[in-house]
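# Results of the structural survey
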Amino acid sequence: MVDLTSPTTPSTTGAGEIFQLFLDGQARTKAEVAASTGLSRSTVAARIDALLASGLIQAAGEATSTGGRPPARVAFNPRAGVCLAVDLGATHATVAVADLGGRILDASTRKIDIGDGPEPLLERLLDDGATLLKGIDLPLLGVGVGVPGPVEHSTGRPTNPPIMPGWDRFDVPGYVQRLFDVPVLVDNDVNILAVGEQATSWPQTHDLLFVKVATGIGAGLISGGQLQRGAQGSAGDLGHVRVPRPAGSRRPVDDDRDLEAIASGTAIAEALRAQGIDAAGSADVADLVRGGNAAAIDATRQAGRDLGEVLATVVSLLNPSVIVLGGIIARAGEHLLAGVREVVYQRSIPLATQHLTIVQSQAGEHSGVLGAAIMVSRHVLSAANVDARIAAEQRS
C-alpha cells in the first residue's frame, strides 16, 4: 500500500485529523492514539468509533496484552472505496480503478488521438471506466484525470495546451460529473507522474523532479514533499526553455530552438528522417533504439545532453535529491539517461550534485493513473473531507 501521509504532522482536533495518523498503514490501539495525540481516551474512543462506523478504518487484530484483555487494534481500510483514474497522453490513454491505498485493481489502455477533442475522447474513456467499475463492488469516491498540457488546477480546465486542439478552457470536471457525481480533480500528466513515482519509489524523498520525454517534454516538481504547480499551474514547462548551444555542439550557431524542438521524441524522429531513416514519431524512435540502430542511439544520447543543459540550471536553482526520467524515450534504454548525467554532473554546482540521483522511472506503465488515483485519495481522505463525511453520515 502506498504511504498517503503528508510530510507534516497532523494536529488532533477532530476525527479527520486523527484519521491522518492511520494513513501510514500502521495499526494502532486507542491507547496508542491517545498517547500520541494527548487527547483523552474517551475523546479518542468516540472518534475512533465514528471512523469505524464510516468504514475508513477497520479492526486489525489485538495488541499484546500487558495484563487482562488484549487491546484491539484498528487500521486504515483501503477498500472503503475506489478512485477512477484517467491518464491522457497524445496518442494513448489509460483508465484504471484503484483502491484508497493506491493499489490498481483493474485497468485498460487504448490508442487515441488527443486532437479528436475533449467530448468524444472523454466519452469513450468514461465508458471504459464504467465498464471497469462494474466488476468492482466498492463505492466510487472520486475521479482523477491527467492531461498532456497545462491545467488551471483550481477549475480543472486545460489552458492553451499546445498539443490539445479544442481543449482550451474545456470544463473537464463538469463533463465527467455528468456520469460520475463525485469530486473530479484534473492536473498536468507530468504532475501526476511525479506524484506516482514519488509515492511508489521514493516515499522518503521530499525533493524530486520527474521529467517526461515523449511527444513533448515537461517536468513535475515535488519540493518539501509537496507538488509545486506555480502561480498559474505552468511550473515545470521545460519544453519551452531555450537551450544554450554548448561548445562543440553539432547545432548551427544561430540555432535557438527550445528544448522540445531539439530533444523530444518528435524532434529525434525528425532528425532521423533527415538521415533517411523511417521514424514517424516517439514510438518509432524507441523501437529503433531498442533494436540497436546506431543513428537512433546517437540522436537519443545527444537529446539527453541537450536536456542536461537545461536540467543543470534547474539542479543549481532547486537542488532536488532525485531526478527521474520517464516517458517512452527514457524507457527505450539508458542512452537518454547517460546524456543527461554527462552534462548535469559536469555543469551543476558540486554542492547540488554530490548527493543527486538521476534515474529512469521505476513506477512502470501505470505510474500516471497511479498518480491520479493518489491525488484523488489524498483529497477525499483529507482531514476536512473525512470530518464532512462523518458529519453527513451522523445526520442521515
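### So, the overall build of the protein
- What the protein contains, in helices and strands, is 15 helices and 15 strands.
- Its C-alpha atoms give the protein a radius of gyration of 23 Å, near enough to 21 Å, the size a compact globule of 396 residues would have.
- If you line up the protein on its principal axes, its C-alpha atoms span 80 × 50 × 40 Å.
- A sequence separation of at least 24 residues applies to 61% of the contacts in the protein between residues at least 6 apart.
- Total accessible area on the protein is roughly 17,500 Å²; 49% of this is exposed by carbon and sulfur atoms.
- Counting 32 positive and 42 negative side-chain charges, the protein places the centres of these two groups 4 Å from one another.

### Here we look at the pattern of salt bridges
- On inspection of all chains with the given rule, the structure shows 15 salt bridges.
- One salt bridge connects Asp 49 with Lys 30, and the closest N-O pair in it is separated by 3.1 Å. Of this pair, Asp 49 sits in helix H3 (residues 41–54) while Lys 30 sits in helix H2 (residues 30–37), and the two are 19 residues apart along the sequence.
- Residue Asp 49 is classed as partly exposed on the basis of its relative accessible area, which comes to 39%.
- Residues Arg 347 and Glu 309 are paired through a salt bridge, measuring 3.0 Å at the closest nitrogen-oxygen approach. In this pair, Arg 347 sits in helix H12 (residues 335–347) while Glu 309 sits in helix H10 (residues 294–318), placing the two residues 38 residues apart along the sequence.
- Here Glu 309 falls in the buried class, since its relative accessible area comes to 10%.
- One salt-bridge network, in which partners are shared between bridges, spans Arg 301, Arg 305 and Glu 342.

### A few points about the packing of H10 against H12
- The geometry of H10 relative to H12 is characterised by a closest axis approach of 6 Å and an angle of 35° between their N-to-C directions. Along this stretch, H10 crosses H12, giving a crossing that reads as right-handed. Where H10 approaches H12, its residues Ile 297, Thr 300, Arg 301, Ala 303, Gly 304, Arg 305, Leu 307, Gly 308, Glu 309, Leu 311, Ala 312 and Val 315 are matched on the opposing element by His 335, Leu 336, Ala 338, Gly 339, Val 340, Glu 342, Val 343, Val 344 and Arg 347.
- Within the contact of H10 with H12, the residues separate by chemical class into eleven nonpolar, five polar and five charged.

### What about the packing of H3 against helix H15 (residues 383–395)?
- At their nearest, the axes of H3 and H15 sit 10 Å apart, and the two run at 80° to each other. Comparing the axis directions of H3 and H15 gives the class roughly perpendicular. From H3, Ala 50, Leu 51 and Ser 54 reach across to H15, where they touch Val 386, Arg 389, Ile 390, Glu 393 and Gln 394.
- For the contact of H3 with H15, the class distribution of residues is four nonpolar, two polar and two charged.

### Quick word on the sheet that holds strand S2 (residues 57–62)
- Across the sheet, three strands lie side by side as S1-S3-S2; this open sheet has antiparallel pairing. The open sheet has two edge strands, strand S1 (28–29) and S2, and neither has a second partner.
- Most of the contacts of H3 go to S2, to which it runs at about 110°, and overall it touches S2 and strand S3 (72–76).

### Examining the nonpolar core
- Judged by nonpolar contacts, the single largest core of 40 residues is most densely connected at Val 211, Leu 238, Leu 272, Leu 311, Ile 323 and Leu 325.
- Take this core: its biggest share by element is eight residues, from H10.
- The residues contacting Leu 272, other than those within four sequence positions of it, are Ile 277, Ala 279, Val 285, Leu 288, Ala 295, Ala 296 and Ala 299.
- Leu 21, Ala 34, Ile 192 and Ile 390 belong to the second-largest nonpolar core, a separate cluster that totals 34 residues.

### Things to note about the packing of aromatic side chains
- What the rule picks out here adds up to three aromatic pairs.
- Ring centres of Trp 167 and Phe 170 lie 6.4 Å apart, and the angle between their planes is 70°; on these two criteria the pair is classed as edge-to-face.
- With relative accessibility at 0%, the residue Trp 167 sits in the buried group.
- Assessed through its relative accessible area of 15%, Phe 170 is described here as buried.
- Seen in terms of ring centroids, Phe 170 and Tyr 175 are 5.8 Å apart; in terms of plane orientation they differ by 50°. Their pairing is tilted.
- Put simply, the rings of Trp 167, Phe 170 and Tyr 175 touch in pairs and so form one group of aromatic residues.
- Seen from the ring of Phe 22, Arg 28 lies directly overhead, with NZ or CZ sitting 5.7 Å from the centre.
- Positioned over the ring face of Tyr 175 is Arg 178, at 4.5 Å from the centre of the ring.

### Some thoughts on the confidence of the model for the protein
- Scored by pLDDT, the protein has a mean of 90; 94% of the residues are at 70 or more.
- Low pLDDT, under 50, characterises residues 7–12; the stretch is placed with twelve contacts to residues that sit more than four places away or in other chains.

Calculation criteria
- Residues numbered from 1 in each chain as written.
- Predicted model: local features only at pLDDT ≥ 70, side-chain atom pairs only at ≥ 80, totals over all residues.
- Heavy atoms only, no water.
- Helix = DSSP H or I, 4+ residues; strand = E, 2+ residues; numbered from the N terminus.
- Rg over C-alpha atoms; globule rule 2.2 N^0.38 Å.
- Contact = heavy atoms within 4.5 Å.
- Areas by Shrake-Rupley, 256 points an atom, 1.4 Å probe, with all protein chains shown as cover.
- Lys, Arg positive; Asp, Glu negative; His and termini not counted.
- Charge placed at Lys NZ, Arg CZ, Asp CG, Glu CD.
- Salt bridge = Lys/Arg side-chain N within 4 Å of Asp/Glu carboxyl O.
- Buried < 20%, exposed > 50% of the residue type's maximum accessible area, 1.4 Å probe, protein only.
- Axes fitted to C-alpha atoms, helices over the stretch in contact; angles between N-to-C directions.
- Left-handed = near helix turned anticlockwise from the far one by under 90°.
- Nonpolar A, V, L, I, M, F, W, Y, C, P; charged D, E, K, R; others polar.
- Parallel < 35°, antiparallel > 145°, perpendicular 65-115°, else oblique.
- Pairing = 2+ DSSP bridges.
- Core = buried A, V, L, I, M, F, W, Y, C linked by side-chain atoms within 4.5 Å.
- Phe/Tyr/Trp six-rings, centres within 6.5 Å; stacked < 30°, edge-to-face > 60°.
- Lys NZ or Arg CZ within 6 Å of the ring centre and 35° of its normal.
- pLDDT = per-residue confidence, 0-100.

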